[in-house]
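Given next are the chains, with one letter for each unit.
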Amino acid sequence: MKAGIALTLVIVGAAAVVGSAAEETYPSRSSGRSSYGKSGEPGQAPQDRDPSATAPAQDGTAYTPRRTDENARIGTVFEKDDHGSHFCTASVVQSPGRNMLITAAHCAFDADAGKPVDDLVFAPDYRNGNEPTGLWKVNKVVVDDDRWATSQDEDLDVAFLTVGPKDGKNIQDVLGGNSLGTDRGFNNEVKITGYPTSRDTPISCQNRTTKFSDTQLRIQCTDFEGGTSGSPWLTDYDPKSHTGTVIGVLGGHEGGGDENDVSYAAYFDNDIAKLYQHAQDEDRN
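Since the structure is predicted, the reported quantities are computational estimates derived from the model, not experimental observations. (Residues numbered from 1 in each chain as written. Predicted model: local features only at pLDDT ≥ 70, side-chain atom pairs only at ≥ 80, totals over all residues. Heavy atoms only, no water.)

A. How the structure looks around the pairing of strand β12 (residues 210-213). When β12 meets strand β13 (residues 216-220), the two strands line up antiparallel, connected through three bridges. Bridge pairing in β13 places Ser213 opposite Gln216. In this antiparallel pair of consecutive strands, β12 and β13, the connection spans two residues. (Pairing = 2+ DSSP bridges. Helix = DSSP H or I, 4+ residues; strand = E, 2+ residues; numbered from the N terminus.)

As structure tokens, then:
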């Protein structure tokens, strides 16, 4: 969303392997937002184009992942409902309230309006219009108050969202959640899963991160275009517990990058740890 969605320690009420499936084309849809970095363009119609591979044949090549417990907690972000374009990606992260998502800050704060986007909804495991656990309404957004809001500091391009319960259950009870990892260094093997706005199915990619700067990670993965902002960078996945560790979200430098095959993420340091703790504290209020 090039409208400069800026992060701010703000809490708002009401407003996140293998196989391919048959896909169908959807009509063009519109949303009232502009794009920034690798968030989606308004009105961008899904093309349902398969990435260059449908299985993780080699590092750095995108593929269509199958439905798994790991992938089920990653999903699309919409405004209001699922009738418009999905423009970002989010995922479930562990929290005491068992109701928290993580995404890029520029997906959740509108710098032009000077406030968080207040009508976000999350569709986990979204595929071709199918939502196995339905839509989850975001009711709070926690973003950095100073460095993003005043100067769009790309090192704080991270937001935590809380969602309300459905059928008496919190989202982490239904889908599980990944842990948050900080100060993990710049060289990690990660899996990234996200939802390009041009597709109604996710893509995944494995590769090793590199150091872009003291505060930014970089990775080469094909086809990560608009809509993939907020995609989790997951490492240390444990198949027994079905959990991994998120050490970044696609965003940061240039909103995630201006090339589809190269992406960035803000390095998760003590500032991100403090933001995560603040989100948990505010969720208790």
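B. Spotlight on the pairing of strand β14 (residues 232-238). For strand β10 (residues 189-194) and β14, the ladder comprises two bridges, and the chain directions are antiparallel. Note that in β14 the partner of Lys191 across the bridge is Leu234. Of the pairings in the sheet, the one linking β14 to strand β15 (residues 243-249) comprises five bridges and is antiparallel in character. Looking at the pairing, Thr235 lines up with Thr245 of β15. Between the end of β14 and the start of β15, which pair antiparallel, lie four residues, with His242 showing a positive phi angle near 60°.

C. Inspection of helix α4 (residues 270-284) at higher detail. Given a rise of 1.5 Å per residue, 15 residues ought to cover 21 Å, and the 21 Å separating the end C-alpha atoms of α4 matches this to within 8%. Every buried residue belonging to α4 is among Ile272, Leu275, Tyr276, Ala279, Gln280 and Asp283, and all of these are buried. The buried residues of α4 occupy an angular sector of 140° when projected down its axis, which confines them to one face. α4 presents Lys274 and Arg284 as exposed residues on the side facing more than 90 degrees away from its buried surface. (Expected span 1.5 Å × (residues − 1). Buried < 20%, exposed > 50% of the residue type's maximum accessible area, 1.4 Å probe, protein only. Arc of directions from axis to C-beta.)

D. Quick look at the packing of aromatic side chains. Tallied over the entire structure, the rule returns four aromatic pairs. Positioned over the ring face of Trp136 is Lys166, at 5.8 Å from the centre of the ring. Its guanidinium or amino end placed over the ring of Phe186, Lys211 lies 5.1 Å from that ring's centre, counting from NZ or CZ. (Phe/Tyr/Trp six-rings, centres within 6.5 Å; stacked < 30°, edge-to-face > 60°. Lys NZ or Arg CZ within 6 Å of the ring centre and 35° of its normal.)

E. Expanded view of the sheet that holds strand β1 (residues 74-79). An order of β1-β2-β3-β8-β7-β6 is seen for the six strands of this closed barrel, with the pairing classed as antiparallel. Ignoring strand direction, the axes of neighbouring strands in this sheet form an average angle of 40°. (Axes fitted to C-alpha atoms, helices over the stretch in contact; angles between N-to-C directions.)

F. View of unusual backbone geometry. With a phi angle near 70°, Asp223 is a residue other than glycine that sits in the positive phi range. Tracing the backbone through its elements, the reader meets Asp223 in the loop between β13 and β14.

G. Quick look at a negative patch on the surface. A surface patch of like charges, here negative, comprises Glu254, Asp258, Glu259 and Asp261. The class of Asp258 is exposed, set by a relative accessible area of 61%. (Patch = residues over 30% accessible without salt bridge, like charges linked within 9 Å, V, L, I, M, F, W, Y side chains within 5 Å. Areas by Shrake-Rupley, 256 points an atom, 1.4 Å probe, with all protein chains shown as cover. Salt bridge = Lys/Arg side-chain N within 4 Å of Asp/Glu carboxyl O. Lys, Arg positive; Asp, Glu negative; His and termini not counted. Charge placed at Lys NZ, Arg CZ, Asp CG, Glu CD.)

H. Highlighting the pattern of salt bridges. Per the stated rule, a full pass over the model turns up ten salt bridges. Asp173 is paired through a salt bridge with Arg98; the nearest N and O atoms lie 2.4 Å apart. Of the two residues, Asp173 sits in helix α3 (residues 171-175) while Arg98 sits in the loop between β2 (88-93) and β3 (100-103), which places them 75 residues apart along the sequence. Put simply, Arg184 and Asp236 hold a salt bridge, and the shortest N to O gap is 2.4 Å. One end of the pair, Arg184, is in the loop between β9 (179-180) and β10; the other, Asp236, is in strand β14, with 52 residues separating them in the sequence. The exposure class assigned to Asp236 is partly exposed, which follows from its relative accessible area of 47%. Taken together, the shared-partner salt bridges connect Arg67, Asp125 and Arg127 into one network.

I. Structural context of the nonpolar core. Core analysis: the biggest nonpolar cluster contains 26 residues, and Leu101, Leu120, Phe122, Leu161 and Ile171 have the highest contact counts within it. In terms of nonpolar packing, the next biggest core, distinct from the first, is built from 16 residues, Leu180, Ile272, Leu275 and Ala279 among them. (Core = buried A, V, L, I, M, F, W, Y, C linked by side-chain atoms within 4.5 Å.)

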